[in-house]
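Residues per chain are reported as follows:
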2 protein chains.
Amino acid sequence: MNIGIIGSGRMGSGLGKIWSKRHRIYFSYSRDYAKLKALAHSCLDAQAATPAEAVAASEVVLLSAPWTTVADALREAGPMDGKVLIDCTNPLLPDLSGLSLGLTTSAAEEIAGMAPGAKVVKAFNTAFAEIYHGESRLFGSRRLTMFYCGDDHQAKATVVRLILETGLDPIDAGPLAAARYLEPLAMLMIQLGYGMDMGSNIGISLIHR
Amino acid sequence: MNIGIIGSGRMGSGLGKIWSKRHRIYFSYSRDYAKLKALAHSCLDAQAATPAEAVAASEVVLLSAPWTTVADALREAGPMDGKVLIDCTNPLLPDLSGLSLGLTTSAAEEIAGMAPGAKVVKAFNTAFAEIYHGESRLFGSRRLTMFYCGDDHQAKATVVRLILETGLDPIDAGPLAAARYLEPLAMLMIQLGYGMDMGSNIGISLIHR
């Protein structure tokens, strides 16, 4: 295939390099055209291009520009009719402190408002209840990750103890407002389990290397 | 510890049972008090209670009522001052089709609006770009999961091929609107990697059993 890359930063260059082993890559949308050319030279089968050239030459387009430049990048790219457009953007705020759209609040924050004085910790919301009714929480030899977040350190320490006693692997996701990410993660699990018929014997494991 | 459970359905009963091996559990907030009593009898150290009793007796409270009943449950529970309140609720719509608050749109859907005719597929947005620049995508012997979503089946098949060629494990998250869950998942990874200083050699693996 021919694959056009719009936005050739860390993400676009990394994926383009890997894909150039099997496909022809058109790197585009960098402030520095010489950099695009150097990048293309470092790949098996790639060339530098303008976004319009990259799109015109390709049946698949990767949109890997920063969210704030997406409208501009798409304008430069021109018509996309019939193209497969892979969107790997995230609408991050410039300081990476959150998403600039889609998220406004969370159940956890609403609950903190309804329960004044309580030290609210979000936890146990991203695994199916069925998992607590089985003999074991293990998936083969692997533990599920249980993310938690909250604004009170002592309360969080208590919850860590409960997560461990439940047979899960606790991971601190930060302040209570991080529930804005944990609640959609639960919704993703529900979408996979029920919407996509994967069932409830699935779970999230955060892996490291 | 004494742990009060507000909402003793699948989630509350499962966790309460596990925790009753080490703690005293107060099960509350069921339409059927006899069911609470039977549940408590099946546990090592537990009793049925009203929400107010459960909270008064406990230093830790698990809020595991359905989101639509949370306001009522907290009213019945009374003052929470100084309690550790574990919130495991998710603000689900009654038909489980989405979240009732917090989510309004996604970058993917905005991009589909900006690129008419394109077959937009959300993918490659939940792993750190650094992972594409290393020698291998493997985490030990494990592959990262790459969720993708979109409304065009053929476009998704193309993206699956690219995900596999990239050395990742593709999981279909459904229609493009599921980007509302995939983008917050990326934000969770950024929060863990940078906000919580875990670095970028972390990733998500969906596990099955």
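Source: prediction; values computed, not measured.

A. Local environment of the interface of chain B and chain A. Taken together, the contact between chain B and chain A spans 108 residues of the former and 108 residues of the latter. Across the interface of chain B and chain A, roughly 9,100 Å² is buried in total on both sides, 69% from carbon and sulfur atoms. In terms of surface lost to chain A, no three residues of chain B exceed Met187(B), Ile207(B) and Arg209(B), which account for 9% of the buried area on that side. If you look at where chain B meets chain A, you find two salt bridges. One salt bridge in this structure joins Arg10(B) and Glu130(A), with 3.8 Å as the shortest N-O distance. Seen at the junction of chain B and chain A, the total is 24 residue pairs in polar contact (both at pLDDT 80 or more).

B. Looking closely at the domain arrangement of chain A. Segmentation of chain A into domains returns domain 1 (2–87) and domain 2 (107–195). Centre-to-centre separation of domain 1 of chain A and domain 2 of chain A, based on C-alpha positions: 38 Å.

C. Structural context of the packing of aromatic side chains. Overall, the coordinates contain six aromatic pairs over all chains when judged by the stated rule. Here Trp19(A) and Phe124(B) contribute two aromatic rings whose centre-to-centre distance is 5.2 Å and whose plane-to-plane angle is 65°, an arrangement assigned as edge-to-face. Of the two residues, Trp19(A) is situated in helix 1 (residues 10–19) and Phe124(B) in the loop between strand 6 (119–122) and helix 6 (130–133); the pairing between them involves two chains. Residue classification places Trp19(A) among the buried residues on the basis of a relative accessible area of 0%.

D. Just the nonpolar core, in detail. Membership of the largest hydrophobic core comes to 149 residues, with the highest contact counts inside it found for Trp19(A), Phe124(A), Trp19(B) and Phe124(B). Aside from chain neighbours lying at most four places away, what touches Phe124(B) is Met11(A), Leu15(A), Trp19(A), Ile86(A), Cys88(A), Tyr132(B), Met146(B), Phe147(B), Leu162(B), Ile163(B), Thr166(B) and Leu168(B).

E. Molecular detail of the confidence of the model for chain A. Residues and elements named next belong to chain A. Taken over all residues, the pLDDT of chain A has a mean of 86, while the share at 70 or more is 93%. When mean pLDDT is compared element by element in chain A, strand 8 (residues 169–172) scores highest at 96, while helix 5 (residues 107–114) scores lowest at 75. Here the predicted complex carries an ipTM of 0.75, next to a pTM of 0.73.

F. Highlighting the pairing of strand 7 (residues 145–150) of chain B. All names here are of chain B. Most of strand 7 is tucked away: six of the six residues are buried. Neither face of strand 7 is left uncovered, since the one carrying Thr 145, Phe 147 and Cys 149 and the one carrying Met 146, Tyr 148 and Gly 150 both have all their residues buried. As judged from the two bridges shared by strand 6 and strand 7, these two strands associate in the antiparallel manner. Paired with Val 121 across the two strands is Gly 150, which belongs to strand 7. Viewed along the sheet, the connection from strand 7 through helix 7 (residues 153–165) into strand 8 (residues 169–172) turns out right-handed.

Here is what the cut-offs are and how they apply
- Residues numbered from 1 in each chain as written.
- Chains lettered and ligands numbered in written order.
- Predicted model: local features only at pLDDT ≥ 70, side-chain atom pairs only at ≥ 80, totals over all residues.
- Heavy atoms only, no water.
- Contact = heavy atoms within 4.5 Å.
- Buried area = accessible area lost by both parts, 1.4 Å probe.
- Salt bridge = Lys/Arg side-chain N within 4 Å of Asp/Glu carboxyl O.
- Polar contact = N/O pair within 3.5 Å; in protein donor to acceptor, adjacent residues only side chain to side chain.
- Domains from an automatic or database assignment.
- Phe/Tyr/Trp six-rings, centres within 6.5 Å; stacked < 30°, edge-to-face > 60°.
- Helix = DSSP H or I, 4+ residues; strand = E, 2+ residues; numbered from the N terminus.
- Buried < 20%, exposed > 50% of the residue type's maximum accessible area, 1.4 Å probe, protein only.
- Core = buried A, V, L, I, M, F, W, Y, C linked by side-chain atoms within 4.5 Å.
- pLDDT = per-residue confidence, 0-100.
- Pairing = 2+ DSSP bridges.
- Right-handed = clockwise from strand over helix to strand, strands pointing away.

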